[in-house]
Amino acid sequence: MLILLLACAVPTGWTPAERATIASLSPIPAPLPSPTNRVADDPAAARLGEALFFDAGLSIDGKTACATCHVPGLHFTDGKRFPTAIGTGTRNTPSLETVAWGTWFFWDGRSDSVWAQATGPMRDAKEMGATPEHIQARLREAHATGLSEVFGGVAEDPTDAMVQAGKALEAYQRTLAPKPARFDRYAADLAAGTDSDVLTAEEKAGLRLFVGEATCVSCHHGPLFTDHSFHNLGLPSIPDGGIDPGRARGAGQVGVDALNCRSAHADRPADLAADAEPCPELRYLDASFPDWAAAFKTPSLRNVAETAPYMHDGQFGSLAAVLAFYDTLPGRPLVGHRELTLEPLALSGAEIEALEAFLRTLTSEAPAAPASP
Ligand code: HEC
Ligand code: HEC
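Definitions and limits used
Sequence order as written defines residue numbering, which begins from 1 separately in each chain. Chain A is the first chain written and ligand 1 is the first ligand written, with later ones labelled in order. For a predicted model such as this one, the threshold for reporting local features is a pLDDT of at least 70, and the threshold for listing and counting side-chain atom pairs is 80 or more; totals across whole chains, interfaces and linings nevertheless cover every residue. Excluding hydrogens and water, the side-chain values take into account all heavy atoms of the structure. Put simply, DSSP H or I for four residues or longer makes a helix, DSSP E for two residues or longer makes a strand, and each gets a number counted from the N terminus. Think of it in three bands: residues with accessible area under 20% of the maximum for their type are buried, residues over 50% are exposed, and the middle band is partly exposed, with areas taken using a 1.4 Å probe on protein chains only. Being near a molecule or strand, for a residue, comes down to having at least one heavy atom within 4 Å of it. Any pair of N or O atoms that falls within 3.5 Å is considered a polar contact. Within protein, one atom must be able to donate a hydrogen and the other to accept it, and sequence-neighbouring residues count only if both atoms are side-chain atoms. Three classes are used, and their members are as follows: Ala, Val, Leu, Ile, Met, Phe, Trp, Tyr, Cys and Pro are nonpolar, Asp, Glu, Lys and Arg are charged, and the others, Gly among them, are polar.

**Student:** Please provide a residue-by-residue account of unusual backbone geometry, values included.
**Tutor:** With an omega of 0°, the peptide bond running from Ser-26 to Pro-27 counts as cis. Note that Pro-27 resides in the loop between α2 (16-23) and α3 (43-53). That bond from Ala-308 to Pro-309 is cis: its omega, -5°, falls within 30 degrees of zero. Within the secondary structure layout, Pro-309 lies in the loop between β2 (296-297) and α12 (319-328). Its identity as a non-glycine residue notwithstanding, Phe-76 has a phi of 65°, on the positive side. As for its position among the elements, Phe-76 is in the loop between α4 (66-69) and α5 (114-123). Since its relative accessible area comes to 2%, Phe-76 is described here as buried. You will see that Leu-329, though not glycine, has its phi angle at about 45°, which is positive. As for its placement among the helices and strands, Leu-329 is situated in the loop between α12 and α13 (349-360).

Right, dumping it as C-alpha cells:
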C-alpha cells in the first residue's frame, strides 16, 4: 500500500534519468572559493570593489567605468554587439553574474582569476586606457579609506596597487550571483515529488529537449548551465574578415600572464602545503590542442533572455537566431573544426519555440543600480 502511494506521488511525466538531470541544474550553489585572493569574501573589500566598479575616474579619460559596459539592469551586459568606450572592441560584453564559479575568464580564458581579469579592461587601450600609475593615483585620491580598511593602505608599487583594485573588484563581483528563477522553483517542486505547473506544458517540452534530444545539456550543464570549457561551434560569420583564434591564443597567454596564479601577485592559498606547487593545471595547458582553434568559453544561460546579442562576437540578435543556428548548423568554420558532437537538430517550429520558452524560464530579477554609485 505504501509503495502504491509513493508511486502515485512520483511525477509520471519525466523518466528517472530526466529527473536526475533536471535536479543537477538547480539550485544555484554557494560560490566556489577564490584561493589566490585573500579578500575575495571580505565584505569591506566587496564594498570597496563596488565603489571601484562604478568609478569612471579609474579610466584615463575619466569617462568609462566597469559599469559603463557591465550595466546592472542588463544583468551586467550592455545590449550592444561590441562595446564602445575609448575605442570599439571586437568581442561581446559577457554577463558577470556567474564569475564566482568560473575557472578561466574572458571568452578565450586568457585570465585564470577574476582579480587578474579586472586589470585587463582597466589597462586596455580601447576600454579604460589606464596605466598602473594612473590607477594608483586614483586609489589615493578617491578610495584611500577603503584601501586602508581592506589592505592597510595603497601599495607603493603601482602594479601592486592595481592588483589591490583587482582583488576588491573580484570581491564585489562575487556578490552578483543570479537570483533563483522560475525554473528553480519548478526544479525544487520536482525534487520534492510534485510535477507542478510553475512551468507551462510548452516550457516543460522545451526543458525535455534541452536535457534530451537537443543535447544542450552536454555543454550547458550544472546549475550555472556551463561546463566552463571551450568549444568551436563553427559560427557562420567572422566580423570584419578578422579571424579570432579564441582559446588557442588564450591558453598560450594565460601561461605567461605576469598576473597568473603562479605569479608573486597571487596570494598563496592558505591550505597549500609549503612545498606544493600552486595551480599545477597551468603547466598542462597545451595551446596547440586542435579543438581549441576558434573555440570560445561556454557562456552561462542564466538570464540569457535578457542579454542579447549573443555569442563571443554578438553575431545573433535574438534567441530565435541562436536556435536557428543550432537547428541547421549552416556553413563550415573558417578556422579549426566544428565540435564533433554537434549535429543539426532539425527540430519542428513548435519544438524551437518550446526550447526558447524554456530558456526564458531561467530569467530572474535584474539587480538594481546602487543608490549612490
Ligand atoms: C568597454 C567595455 C568594457 C569595460 C569598460 C569593462 N568591460 Fe569587462 N568585458 C567587456 C568585454 C567586451 C569582455 C569580453 C572580452 C574578451 O573576452 O576578450 C569583458 C569581460 C569581462 C569579464 C570576464 C567574464 C567571464 O565570464 O569570462 C569580467 C569578469 C569583466 N569583464 C569585468 C570587468 C571589470 C571588473 C571592469 C572594470 C575594471 C570591466 N569589466 C570593464 C567589456 C568591458
Ligand atoms: C558543444 C557544446 C555546446 C552545445 C552542445 C550547445 N552549446 Fe550553446 N554555446 C556553447 C558555446 C561554446 C557558446 C559560445 C560560442 C561562441 O561565442 O563562439 C554557446 C553559446 C550559446 C548561447 C549564447 C549565449 C550568450 O550569452 O552569448 C545560447 C543561447 C546557447 N548557447 C544555447 C544553447 C542551446 C539551447 C543548446 C542546445 C540546442 C546549446 N546551446 C548547445 C556550447 C554549446
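**Student:** An account of the site of ligand 2 is requested, with residue identities and associated values reported.
**Tutor:** Inspection of the region around ligand 2 gives 26 residues, with Cys-216, Cys-219, His-220, His-312 and Tyr-326 positioned closest. In this structure, His-312 approaches ligand 2 through a main-chain N or O atom, which is 2.6 Å from an oxygen atom. Here a nitrogen atom of ligand 2 sits 2.7 Å away from a polar atom, N or O, in the side chain of Tyr-326. Those elements that provide at least two residues to the shell around ligand 2 are β2 and α12. Sort the elements by how many residues they give to the shell around ligand 2 and α12 lands first, with 4 residues. Broken down by class, the residue content of the shell around ligand 2 amounts to 18 nonpolar, 6 polar and 2 charged.

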